[in-house]
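In case you want the letters, here they are:
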Amino acid sequence: MKRMGYRMEEEGVNRFLGSLESLIMELMWESGDWMNVQQLRESLKSEQVYSVNTIMTVLNRLFDKGILDKQAAGRGRNKLAHFKVMVSREDFIMEQTRNVTEGLIKDFGEVVVAHMMDVVEELDPDLLRKVEQMLQEAKMRNSDDNTKSS
């Protein structure tokens, strides 16, 4: 899967995908099955009416990004493409947030970690305890690795 851009002003998966891409992916994740353009167009009607070409363009972009699989059936004018998710919503979010975090830490290091700790402490004290536990586990793994290599 390709690394997506990150838009601070958005929320949820919209931070990584365009608004129509997000709508389509939510439908695809919910379905979990092969879907064609007409099925998606029908499902999207409650949001807004989109042309078949618009939906097909977005589906092909999601395929190019490695998020959807594509399968074509039929020939000529009767050819119909079906799409299916290749990655779960959870795995998508895990990979994209890891990419963002890795980039921020590579570029800004200690400053980012300090800000993350401040935000965690402010927004979710329970998460702060989990972070402390994760740090202890990481320290133990590192000391075990150092002991083995000596």
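Residues numbered from 1 in each chain as written. Predicted model: local features only at pLDDT ≥ 70, side-chain atom pairs only at ≥ 80, totals over all residues. Heavy atoms only, no water.

**Looking at the overall build of the protein chain**
- Helices and strands together make up the secondary structure of the protein chain, namely six helices and three strands.
- When the elements of the protein chain are put in sequence order from the N terminus, they spell out α-β-α-α-β-β-α-α-α.
- Computed over its C-alpha atoms, the radius of gyration of the protein chain comes to 21 Å, more than 25% above the 15 Å expected for a compact globule of 150 residues.
- Each principal axis of the C-alpha distribution contributes one length, and for the protein chain these read about 65 × 40 × 25 Å. (Helix = DSSP H or I, 4+ residues; strand = E, 2+ residues; numbered from the N terminus. Rg over C-alpha atoms; globule rule 2.2 N^0.38 Å.)

**Notes on the nonpolar core**
- Formed by 25 residues in total, the largest nonpolar core has its most connected members in Ile24 and Phe92.
- Where this core is concerned, the elements lending two or more residues are α1 (19-31), α2 (37-44), α3 (52-64) and β3 (80-85).
- For this core, the element with the most residues is α1, which contributes five residues.
- Other than its neighbours up to four places away in sequence, Phe92 contacts Met1, Met4, Val13, Phe16, Leu17, Trp29, Ile67 and Val87. (Core = buried A, V, L, I, M, F, W, Y, C linked by side-chain atoms within 4.5 Å. Buried < 20%, exposed > 50% of the residue type's maximum accessible area, 1.4 Å probe, protein only. Contact = heavy atoms within 4.5 Å.)

**Some remarks on the sheet that holds strand β2 (residues 68-73)**
- With antiparallel pairing, three strands are arranged side by side in an open sheet as β1-β3-β2. If you trace the sheet from one side to the other, it starts and ends with β1 (35-36) and β2, each paired once.
- As defined by bridge partners, β1 adjoins β3 across two bridges and the pair is classed as antiparallel. Paired with Asn36 across the strands is His82, a residue of β3. (Pairing = 2+ DSSP bridges.)

**A short note on the pattern of salt bridges**
- Under the counting rule described, the total for this entry stands at five salt bridges.
- With a shortest N-O distance of 3.5 Å, Lys45 and Glu42 are connected by a salt bridge.
- Using a relative accessible area of 42% as the deciding quantity, one classes Lys45 as partly exposed.
- Two residues, Glu102 and Lys106, come together in a salt bridge whose shortest N-O distance is 3.5 Å. Here the residue Glu102 and the residue Lys106 both occupy positions in helix α4 (residues 89-108), the gap between them amounting to four residues, near one helical turn.
- A relative accessible area of 65% means that Lys106 is categorised as exposed. (Salt bridge = Lys/Arg side-chain N within 4 Å of Asp/Glu carboxyl O.)

**Examining the pairing of β2**
- Looking at chain direction, β2 and β3 are connected through six bridges and run antiparallel. Opposite Lys70, over in β3, you have Phe83 as the bridge partner.
- Connecting the antiparallel pair β2 and β3 is a turn made up of six residues, with Gly74 showing a positive phi of about 90 degrees.

**Brief notes about the layout of surface pockets**
- Taken as a whole, the largest pocket holds about 820 Å³ of empty space.
- Lining the largest pocket are 19 residues, and of these Thr101, Ile105, Met116, Val120 and Val131 lie nearest its centre.
- Contributing elements (two or more residues each) for the lining of the largest pocket: α4, α5 (110-123) and α6 (125-149).
- Looking at the lining of the largest pocket, its residues break down into 12 nonpolar, two polar and five charged. (1 Å grid on protein atoms, 1.4 Å probe; cavity = no way out; pocket = protein on both sides within 12 Å on 5 of 7 lines; lining within 4 Å. Points joined across faces, edges and corners; volume = space filled by probe spheres on them. Nonpolar A, V, L, I, M, F, W, Y, C, P; charged D, E, K, R; others polar.)

**A closer look at the side chain of Glu21**
- Mapped onto the secondary structure, Glu21 falls in helix α1.
- Given a relative accessible area of 10%, Glu21 falls into the buried group.
- Side-chain polar atoms of Glu21 contact the backbone nitrogen of Gly18, separated by 2.7 Å.
- Excluding residues that lie within four positions of it along the chain, Glu21 makes contacts with Val58, Arg61, Leu62 and Lys65. (Polar contact = N/O pair within 3.5 Å; in protein donor to acceptor, adjacent residues only side chain to side chain.)

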